Amino acid sequence: NARGRGYGTLWNGHVSAARGHVPKPFLLSAEQIPRRGFITDPAQQPPASRAVIVGAGSVGSTIGSFLVFEGAYDEVVLIDLDEDRLRGEVMDLSDAAFLTDTNVREGTYKDAAEADLVIITAGAKQRPHETREALLKRNVNVLSSIADSILPVADHTLVLLVANPVDILTQLFQEISQLPKNRVIGSGTFLDSMRLTIELSRKFGVAPSQIHAYVVGMHGDCQIPVWSQCSVGGVHVSEYGLLTNEDMNQLAETARDKAYHIINAKGSTYYGIAACVAKLSIGLQVNRHQIFQLSVWSEKYGSYLSWPAFVGSNGVQGTLPLTLSAEEQTVVERAAK
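Residues numbered from 1 in each chain as written. Predicted model: local features only at pLDDT ≥ 70, side-chain atom pairs only at ≥ 80, totals over all residues. Heavy atoms only, no water.

### Examining the overall build of the chain
Convention followed: Counting from the N terminus, the helices are the DSSP runs of H or I reaching at least four residues and the strands are the DSSP runs of E reaching at least two. Burial classification: accessible surface area is computed with a 1.4 Å probe over protein chains only, and a residue below 20% of its type maximum counts as buried, one above 50% as exposed, and the rest as partly exposed. We call two residues in contact when some of their heavy atoms are within 4.5 Å. Here, Shrake-Rupley sampling with a 1.4 Å probe gives the accessible areas, and only protein chains in the shown set may cover a residue.
A tally of regular secondary structure across the chain gives 9 helices and 16 strands. Buried residues in the chain amount to 48% of all 337 residues. Across the chain, the fraction of contacts at a sequence separation of at least 24, relative to all contacts at a separation of at least 6, is 66%. Summed over its atoms, the accessible surface of the chain is roughly 17,400 Å², and 52% of this surface lies on carbon and sulfur atoms.

### Focus on the sheet that holds strand S13 (residues 235-236)
Our working rule: Two strands form a pair only when DSSP identifies at least two bridges running between them.
An order of S9-S12-S13 is seen for the 3 strands of this open sheet, with the pairing classed as antiparallel. If you trace the sheet from one side to the other, it starts and ends with strand S9 (211-212) and S13, each paired once. When S9 meets strand S12 (residues 231-232), the two strands line up antiparallel, connected through 2 bridges. Opposite Ile211, over in S12, you have Val232 as the bridge partner.

### Let's talk about a nonpolar patch on the surface
The condition is simple: Any residue with relative accessible area above 30% and no salt bridge may belong to a patch, with like charges joined within 9 Å and the nonpolar Val, Leu, Ile, Met, Phe, Trp and Tyr side chains within 5 Å. The salt bridge definition used is simple: a Lys or Arg side-chain nitrogen within 4 Å of an Asp or Glu carboxyl oxygen.
A contiguous nonpolar patch, built from Phe69, Phe98 and Leu99 and spanning about 350 Å² of accessible area, is present on the exposed surface. When you line up the elements, Leu99 lands in the loop between helix H2 (83-94) and strand S5 (103-106). Classification of Leu99 by relative accessible area gives exposed; the value is 52%.

### With respect to the packing of helix H3 (residues 136-150) against helix H4 (residues 166-177)
Keep this limit in mind: For helices, the axis comes from a line fit to the C-alpha atoms of the stretch in contact; other axes are also lines fit to C-alpha atoms, and the angle between any two N-to-C directions lies between 0 and 180 degrees. Note: crossing handedness is left-handed where the near helix turns anticlockwise from the far helix by less than a right angle, and right-handed where it turns clockwise. Amino acid classes used here: Ala, Val, Leu, Ile, Met, Phe, Trp, Tyr, Cys and Pro are nonpolar; Asp, Glu, Lys and Arg are charged; the rest, including Gly, are polar.
One way to put it is that H3 packs onto H4 with a least axis distance of 10 Å and a crossing angle of 35°. Every pair of crossing elements has a handedness; the one defined by H3 and H4 is right-handed. Along the contact surface, H3 presents Leu136, Asn139, Val140, Leu143, Ser144, Ala147 and Ile150, while H4 presents Ile168, Leu169, Leu172, Phe173 and Ile176. A per-class count over the contact of H3 with H4 returns 10 nonpolar, 2 polar and no charged.

### With respect to the layout of surface pockets
Convention followed: Cavity and pocket criteria rest on a 1 Å grid covering protein atoms alone: a 1.4 Å probe that fits but cannot get out defines a cavity, protein on both sides within 12 Å along at least 5 of 7 lines defines an open pocket, and an atom within 4 Å of a point defines a lining residue. Grid points are joined across faces, edges and corners, and a volume is the space filled by probe spheres set on the points.
Estimates place the volume of the largest pocket at around 820 Å³. For the largest pocket, the lining is made up of 38 residues, of which Val59, Thr121, Ala122, Gly123 and Ala124 are closest to its centre. Mapped by element, the contributors of at least two residues to the lining of the largest pocket are helix H1 (58-70), H3, helix H5 (190-204) and helix H7 (245-266).

### A few points about the packing of aromatic side chains
Cut-off, in case you're wondering: Two aromatic rings, drawn from Phe, Tyr or Trp (for Trp, its six-membered ring), form a pair once their centres lie within 6.5 Å of each other, and the interplanar angle then sorts them: stacked below 30 degrees, edge-to-face above 60, tilted otherwise. Here, a charge over a ring is recorded when the distance from Lys NZ or Arg CZ to the ring centre is within 6 Å and its angle to the ring normal is within 35 degrees.
Scanning the model with the defined rule gives 4 aromatic pairs in all. Aromatic pair Phe190 and Phe292: ring centres 5.1 Å apart, planes at 50°, arrangement tilted. With Phe190 in helix H5 and Phe292 in strand S14 (residues 290-298), this residue pair connects regions lying 102 residues apart in the sequence. In terms of burial, Phe190 and Phe292 fall into one category: buried. Between the NZ or CZ atom of Lys181 and the centre of the ring of Trp297, over which it lies, the distance is 4.8 Å.

### Focus on the confidence of the model for the chain
As a reminder of what qualifies: The predictor reports its confidence for every residue as pLDDT, a score running from 0 up to 100.
Confidence along the chain averages 86 in pLDDT terms, with 85% of residues attaining 70 or more. pLDDT under 50 marks residues 35-39. Its contacts with residues more than four places away, or in other chains, come to 9 contacts.

This is the structure:
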């Protein structure tokens, strides 16, 4: 209500005085109303961006919800062999789609052919006290079947592996698919690095966004923080606050083992990895050239490793050169084997 407040009212494409003559309102015809996704002429319909999630379990469905909340893609498609679970997840998630007008639907492997991003979460769940490497034998057959089902894909399609052991499975998928290495990536130590960042945030009383910390190697037991590159607001961590070797070892252990504590308490982890995947997905979709700690191909080590990488709409565009200590180098070389 603009009356008495000096505001104008929009009529016929211009602002009239709040008092005085009131012209007839200008009304758009049905043909003039822009409607997303309802262009009748296919030639005028812009190509929809699509993210396909293979696996609608706890991890896949939570990733789907984060993608819907962020609205990075026009369409989020879920695929799962359990049809009842899939149907329920899609119906439930579609109730939240009004937040960003994202289209959520069930799909098949054929939907991956023209997807911008295929996120593979399907795989055997990690059991309590089970190492990620022990999952490998149970996941190889699953991954091979998925690769055979989704290929071939478009030249612009990126594939993101989330299932564990993620570094090994990322390399395995690339070898099976023969897709360019820059277009096949894994979630790597992104979450581990964020866990370390949060622990440092609590210790120093500084917002996590102001802390830069990299965990490299492999997502799992064979990982190590690169303390020489850790900073708080651009200031090296050693200058900001005194950290003893015991402190650093404790922080690294807490970040590394947090997943095991969560799994023992509730059976699986999914919120943290979903947040990481959502942030990465947005960076890929809008071509932000951001740096994330991912499973990427390393020419130096001849294998996939978790390492800070520049990414954009074409996938991995480069890696960050890091100077490692002798101990850090040893861990990375062990991970590469």
